[in-house]
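Observations on chain architecture
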Amino acid sequence: MMIYADNAATTRVSDTALAAMLPCFQEQYGNPSSLHSVGQRAAEILTAARETVAEVLNCSPKEIYFTSGGSEADNQAILSAALLGAKKGKKHIISTAFEHHAVLHTLQKLEKEGYEVELLPVGSTGTVTAEQVKAAIRPDTALVTIMYANNEIGSVLPIAEIGAVCKEAGVLFHTDAVQAAGHLHIDVKAQNIDMLSLSGHKFHGPKGVGVLYARLGVRLANLIEGGAQEKGKRAGTENIPAIAGMAAALKEAADHIDENAAKVSALRDKLIDGLLKIPHSALNGDPVNRLPGNVNFCFEGIEGESLLLLLDAKGICASSGSACTSGSLDPSHVLLAIGRPHEVAHGSLRLSLCEDNTEEEVDYILEETPKIVEYLRNMSPMWKDLIAGKRQFIL
């Protein structure tokens, strides 16, 4: 049995997305910038995809820019807002301590250029409030950038409330919605979102393609020069197959969002309830306001890497956090941000489900995971010290 429970890292390309992509490789293969009929047919696919994405997000197609993924979209949004702010003497940026590194590393770059970055604490459940944001906004605040839902622990943030605060203060608001798009309802107008990032491979679209939504009136800075594509804001021949596949996948996800969320949330809750029975374990993230498929746990006395390898040997694909930092030996910055000590943060497990997963698979995960945790603990000197009372349990 092979169980894929790492959908937060990437998802299987859906049949719908693949069907939209295939004609673009050998039939509608033109360059959309070409004036001949083959090129214009590709341009029509590009226009239709832009309209589809705009419909899902409730915005104008003119506000949709196609990128290589969420990281590029995050970079362009934040750097654009920073430049706009600097022109008005505003160089203060508000974010959170547990953002994706695409955001945090961009903010670190801006700090070196003289910007002041304020990272709001996220508390033990991994969230911030609109009141925190309102209290942090200053006359020189150029941007608030806060993720829609955390990629590791699944906490969903109060985006509409934060957007309202930012609008009232006249401050640009960007949200990294990479984990939320296709899984949670998004309405950029109702939620007062000025810029939003998403990535196709998180909702059964292909890898290497994403979207930056930028409200009309927000002037974007170019990251890539060299052509007039994407209204002159993102040079390079558009990846028509990937864009078509992403748009099809996003529409399919949006059309079934409520039924998928209900199914996946039920599987998630069953998995959480079962894992909580393991002694000295703890759920990470908000127990209520969390992504439908996200399950993130810490198990005291073990190393997450060993847990992943043994789960994989049993046919269970999981992760210990963000796939973008899977090569790092450092504990998750997200778990440290919610107050988990280093020794506990090292023993983390993220299981992320989608509508393809089944109750039988959850049962199998619940059967094997406690055995593996017990096996690793029996080999752990730290666990032996905890049992002997030489160390105090944290969980």
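The preceding data block contains the structure.
Residues numbered from 1 in each chain as written. Predicted model: local features only at pLDDT ≥ 70, side-chain atom pairs only at ≥ 80, totals over all residues. Heavy atoms only, no water.

With that out of the way, let us pick up the sheet that holds strand β10 (residues 294-299). Ordered by their spatial adjacency, three strands build an open sheet running β9-β10-β12, and the pairing between neighbours is antiparallel. Each edge of the sheet is formed by a strand with only one pairing partner; in this case those strands are β9 (281-283) and β12 (348-352). Here the strands of the sheet are splayed against their neighbours by 25 degrees on average, with no regard to which way each runs. Of the strands in this sheet, β9, β10 and β12 are in contact with helix α9 (residues 257-275), which crosses β10 at around 10 degrees. (Pairing = 2+ DSSP bridges. Helix = DSSP H or I, 4+ residues; strand = E, 2+ residues; numbered from the N terminus. Axes fitted to C-alpha atoms, helices over the stretch in contact; angles between N-to-C directions. Contact = heavy atoms within 4.5 Å.)

Overall, the coordinates contain two aromatic pairs when judged by the stated rule. Seen from their ring centres, Phe 297 and Phe 299 are 5.8 Å apart, and the 15 degrees between their planes marks the pair as stacked. With 5.5 Å between their ring centres and 70 degrees between their planes, Trp 383 and Phe 393 make a pair best called edge-to-face. Of this pair, Trp 383 sits in helix α14 (residues 381-388) while Phe 393 sits in the segment after α14; the two residues are 10 residues apart in sequence, bridging distant segments of the chain. Since its relative accessible area comes to 11%, Trp 383 is described here as buried. The aromatic ring of Tyr 115 is capped on one face by Lys 91, whose charged end is 4.6 Å from the ring centroid. The ring of Tyr 65 has Lys 231 sitting right over it, with the charged end atom 4.2 Å from the ring centre. (Phe/Tyr/Trp six-rings, centres within 6.5 Å; stacked < 30°, edge-to-face > 60°. Buried < 20%, exposed > 50% of the residue type's maximum accessible area, 1.4 Å probe, protein only. Lys NZ or Arg CZ within 6 Å of the ring centre and 35° of its normal.)

The next point concerns the pattern of salt bridges. Enumeration according to the criterion identifies 15 salt bridges in this entry. Its salt-bridge partner being Arg 138, residue Glu 116 comes within 2.8 Å of it at the nearest N-O pair. Taken as a pair, Glu 116 in strand β4 (residues 116-120) and Arg 138 in the loop between α6 (130-136) and β5 (141-145) lie far apart in primary sequence, 22 residues in all. Take Glu 116: its relative accessible area is 40%, and that puts it in the partly exposed class. Looking at Arg 138, the relative accessible area reads 28%, which means it is partly exposed. Three or more residues joined by partner-sharing salt bridges are found here, namely Arg 12, Asp 15 and Asp 356. (Salt bridge = Lys/Arg side-chain N within 4 Å of Asp/Glu carboxyl O.)

Let's shift gears to unusual backbone geometry. A positive phi angle, close to 65 degrees, is found at Asn 58, a residue other than glycine. Residue placement: Asn 58 occurs in the loop between α3 (37-57) and β2 (64-67). The phi dihedral of Asn 192 is positive, around 55 degrees, even though this residue is not glycine. Considering the arrangement of structural elements, one finds Asn 192 in the loop between β6 (172-176) and β7 (195-199).

Another point: the sheet that holds β5. Ordered by their spatial adjacency, seven strands build an open sheet running β2-β8-β7-β6-β5-β3-β4, and the pairing between neighbours is mixed. The open sheet has two edge strands with one neighbour each: β2 and β4. The mean angle between the axes of side-by-side strands here comes to 20 degrees, regardless of whether they run parallel or antiparallel. Two strands pair when backbone bridges link them, and strand β3 (residues 92-96) and β5 are joined in this way by three bridges, in the parallel orientation. Bridging from a neighbouring strand, Ile 93 pairs with Leu 143 of β5. Strand contacts of helix α4 (residues 70-87): β2, β3, β5, β6, β7 and β8 (210-214), with the helix running at about 165 degrees to β7, the strand carrying the most contacts. Sitting on the sheet, helix α7 (residues 159-169) touches β5 and β6, and the angle it makes with β6 is about 160 degrees.

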